[in-house]
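Remarks on the overall topology
Below, each chain spelled out in residue letters.
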Amino acid sequence: HVGWEALDDSSARVRYTVGANEVSAVLEFNDEGELVDFVSDDRLAASPDGSEFVQWRWSTPVEAYRRFGKLRLMSRGEGLWHAPEGTYSYIELELLAHEPGGGH
């Protein structure tokens, strides 16, 4: 159900298909091979009055990779809508580690 297409040395298009439905996104990577952005035109946003859904570009840039135990993961990111009147962030994320016995 998943297909990959290399676009260049730092990006690939991934397609996910279920039955007649397909969505795709461009994944962008840094020189270390870490994901730095996910961009899709297949996401729908509610119109300002909530009466309909409109298709806008959506992206999720991520950064600040660090170790969480044995894993190296991004520790910050956000979700962006690319609306006709401009890009805006609707969510900001930060991944925090919990140290056993050390509080939060």
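The shown structure was predicted, so the numbers you read here are calculated from the model rather than taken from an experiment.

**A word on the pattern of salt bridges**
- Taken as a whole and judged by the stated rule, the model has five salt bridges.
- Residues Glu22 and Arg15 are paired through a salt bridge, measuring 3.6 Å at the closest nitrogen-oxygen approach.
- Residue class for Glu22 comes out partly exposed when judged on its relative accessible area of 45%.
- The salt bridge involving Glu34 is made with Arg72; its shortest N-O contact spans 2.8 Å. Taken together, the residues span a long stretch of sequence, with Glu34 in the loop between strand S3 (21–29) and strand S4 (35–46) and Arg72 in strand S7 (residues 71–83) at a distance of 38 residues.
- What emerges from the salt-bridge pattern is a single network uniting Glu5, Arg15 and Glu22.

**With respect to the side chain of Ser59**
- The topology assignment puts Ser59 in strand S5 (residues 53–59).
- A polar contact is formed between the side chain of Ser59 and the side chain of His82, at a distance of 2.8 Å.
- Sequence-distant contacts of Ser59, that is, excluding residues within four places in its chain, are made with Asp37, Phe38, Val39, Glu78, Gly79, Leu80 and His82.

Conventions and cut-offs
- Residues numbered from 1 in each chain as written.
- Predicted model: local features only at pLDDT ≥ 70, side-chain atom pairs only at ≥ 80, totals over all residues.
- Heavy atoms only, no water.
- Salt bridge = Lys/Arg side-chain N within 4 Å of Asp/Glu carboxyl O.
- Buried < 20%, exposed > 50% of the residue type's maximum accessible area, 1.4 Å probe, protein only.
- Helix = DSSP H or I, 4+ residues; strand = E, 2+ residues; numbered from the N terminus.
- Polar contact = N/O pair within 3.5 Å; in protein donor to acceptor, adjacent residues only side chain to side chain.
- Contact = heavy atoms within 4.5 Å.

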